[in-house]
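Now for the letters of each chain:
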Amino acid sequence: MSAVILQIGQCGNQLGLEWCEMLSKTSKQCEHRSPFIAKEGTLAVVCVDSEPKVLRRTQRLVRNKKLLESNIVQGKGGRGNNWAYGYHGHGVEEGDQLLHQAMEAVRQEAERRDYYGGTVMLHSVSGGTGSGLGSRLCEEIRAEFPVSHILTVSVVPHQSGESPLQHYNSLLCLSALQRSSDGILLFHNDQALSYSRVPQNKHVCVSGFSSGLSQGTLSFMNKHIVSCMAGLLLPVHSLTTASGWSLGMEPWELIRSVCPMPAAKLLLTTQANSREKVKWDSLASSTLQCVPQGSIAGRPYTSRAVLAVARGDQDNSFVMSSALNKLKRGHRCVTWNPLPIDHWTDPCNEVCLSPNAQLLTVCSNHSSVTSLLSHVVQRTKEKIGVRAYLHWYERYGVEHQDFKQALDTLLNVMEEYDTH
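Q: Sorry if this is basic, but what is going on with the overall build of the chain here?
A: Scanning the chain for helices and strands turns up 14 helices and eleven strands. Scored against the burial criterion, the 420 residues of the chain give a buried share of 60%. For the chain, the share of sequence-separated contacts (at least 6 apart) that also reach a separation of at least 24 residues comes to 83%. As displayed, the chain has an accessible area near 17,400 Å², and 51% of this comes from carbon and sulfur atoms.

Okay, here's the thing in C-alpha cells:
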C-alpha cells in the first residue's frame, strides 16, 4: 500500500466509511492484489473530525480489527462551518492539539507501510473542519513529506442553500489546495444529483451504481463518489507487477497522467457501467453525457489530459474499440499535448461483482472548472463588498489580505485554463 487515506470532517468520514465498506467486499474477490489492506488486515486510514458524532461509526471497524484505535482523532466541538476556525482553531492550544494528533497518526501510518507514496485526502471544501483543518493538514503533510504526493477528493457544495459561509470557505480551501496538493478530484453535489436526470438505457447506467438506490439522496451521492474513486484508484493490470501484486501506484500515476502542468490540477470524473457485456463505445458515449461542453458565454471547454480506466475488459477489446477516439473528441483535448489521452485496463471489475460487468471511469483535466471558480469568486466579492460575516473570520485570524490572496490564486487558475 503506497497511500494513506486521510478522512477529515463529516463529509470526509462519511465518504471514508463508504470506501471502507466497498473495499471490504472487493478485496475478497482479488485479495492478493489489494494494496489498501495490510498483511495484518488493517486499513491505512486516518479518521479526523472536530466532533465525535460521525466517528462513532468507526468503532465497528476497530472492533473488527480493520482500523487502529490510534488512527481515530477527534475533538470535543465542531468548527462552526468556518474555514478560519477549522484552520486556526479556537486558541493556539486547542487548534494545535487536534492538528498534532492528526499529523502523528498520519506519520505513524506512513511508517507502517512498506512503501509510502503519499496521501489521499477526503473532505468537503465548504465546511469548517473539512475545509479549514483539511487545508492546514495538507500544508503540514507537504512540509513533513516534501517528496510524497497529495491527491484530494474534494466535495463541492450545492451552488446555494447549504451555508451562508460556503463561498468564503470554498474560496479559502481551493486556494490552499492549489498551493499544497498535486491533484484535486472535484465532485459537485449538484452534478451528482444530476445523474438521476441523465437518460439511462436498458444496459448502461451513468455512474457506478444502477438500480436499487434512491436517487437524489446523500447516500446516492456518497456511493457515486466512492464508485468513481474505486474506478480510478483500485489496482489495474496495467500497473501491476509481473508477480501479480500491486504497489498501489494508481493515485500517483493518475496525477502524472492528467496533470501535465502543475498550475492546472482540478479534475473532472465521469463514469458509466453495465452489468451486461456491451460495446465500450456505448459506455464512452454515456460518460460524455455528463461532460460540460461550453461556458454560458458560448466558449467551448477543452481538456489538457484524459485518463480512461476500463474494468471488466476480459477480451482486451477496449483498446481495439473507438472509445478512446470518441473520448478525445468529446473532451476536446488540447492540440499542444502530444499524448492527451491515457488508458488503463483490467479484466477484473472489482466495483461490481457481476461476471460480465463493465465499468468505464474517465478523469479529465477539464476547463469547465472555471465555471465553479467564477461562481465562487463572484459570490465572495459580493459578500466582501458589504462585509457580510467577515467578523467571523477576523476573530480567528483571517484578514482582508488573506481573502485577496485567495481571490488572486483562483483568478490565476482561471486564466491558466482560459489561455492554455
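Q: Sorry, what's going on with unusual backbone geometry here?
A: Note: most residues except glycine have negative phi, and most peptide bonds are trans. Residue asparagine 81 is not a glycine yet carries a positive backbone phi of 50°. By secondary structure assignment, the location of asparagine 81 is in the loop between β3 (72-74) and α3 (83-88). Overall, asparagine 81 belongs to the partly exposed group, its relative accessible area being 42%. Of note, arginine 387 is a non-glycine position whose phi angle comes to about 55°, a positive value. Position of arginine 387 relative to the elements: it lies in the loop between α12 (369-385) and α13 (390-394).

Q: Would you take a moment to explain the side chain of arginine 136 for this structure?
A: Tracing the sequence through the fold places arginine 136 in helix α5 (residues 129-144). From its side chain, arginine 136 meets the backbone oxygen of tyrosine 87 in a polar contact 3.0 Å long. Among all residues touching arginine 136, those that are not within four sequence positions of it are Tyr87, His88, Asp96 and Leu99.

Q: Please clarify how the pattern of salt bridges should be interpreted in this entry.
A: A side chain of one charge can pair with a side chain of the opposite charge if their charged atoms are brought near each other. For the structure shown, the criterion picks out 13 salt bridges. The partner of glutamate 416 in a salt bridge is arginine 304, with the nearest N and O atoms 3.3 Å apart. Of this pair, glutamate 416 sits in helix α14 (residues 400-419) while arginine 304 is found in strand β9 (residues 303-311), placing the two residues 112 residues apart along the sequence. Like glutamate 416, the residue arginine 304 is buried in the burial classification.

Q: Help me understand the packing of aromatic side chains, please; the structure alone is not making it clear to me.
A: When we look at a pair of aromatic rings, we describe it by the centre distance and by the angle of the planes. One pass over the full model with this rule turns up nine aromatic pairs. Ring geometry for tyrosine 168 and phenylalanine 403: centres 5.1 Å apart, planes at 55°, overall tilted. With a gap of 235 residues between them, tyrosine 168 in helix α6 (residues 166-180) and phenylalanine 403 in helix α14 connect regions that are remote in the sequence. Taken individually, tyrosine 168 and phenylalanine 403 each receive the classification buried, so the pair is uniform in this respect. When the centroid spacing of 5.7 Å and the interplanar angle of 70° are considered together, the rings of tyrosine 393 and phenylalanine 403 count as edge-to-face. Separated by ten residues along the polypeptide, tyrosine 393 in helix α13 and phenylalanine 403 in helix α14 bring together distant segments of the chain. Of the two residues, tyrosine 393 and phenylalanine 403, both sit in the buried class. Pairwise contacts between aromatic rings join Tyr168, Tyr393 and Phe403 into one cluster.

Calculation criteria
Residues numbered from 1 in each chain as written. Predicted model: local features only at pLDDT ≥ 70, side-chain atom pairs only at ≥ 80, totals over all residues. Heavy atoms only, no water. Helix = DSSP H or I, 4+ residues; strand = E, 2+ residues; numbered from the N terminus. Buried < 20%, exposed > 50% of the residue type's maximum accessible area, 1.4 Å probe, protein only. Contact = heavy atoms within 4.5 Å. Areas by Shrake-Rupley, 256 points an atom, 1.4 Å probe, with all protein chains shown as cover. Polar contact = N/O pair within 3.5 Å; in protein donor to acceptor, adjacent residues only side chain to side chain. Salt bridge = Lys/Arg side-chain N within 4 Å of Asp/Glu carboxyl O. Phe/Tyr/Trp six-rings, centres within 6.5 Å; stacked < 30°, edge-to-face > 60°.

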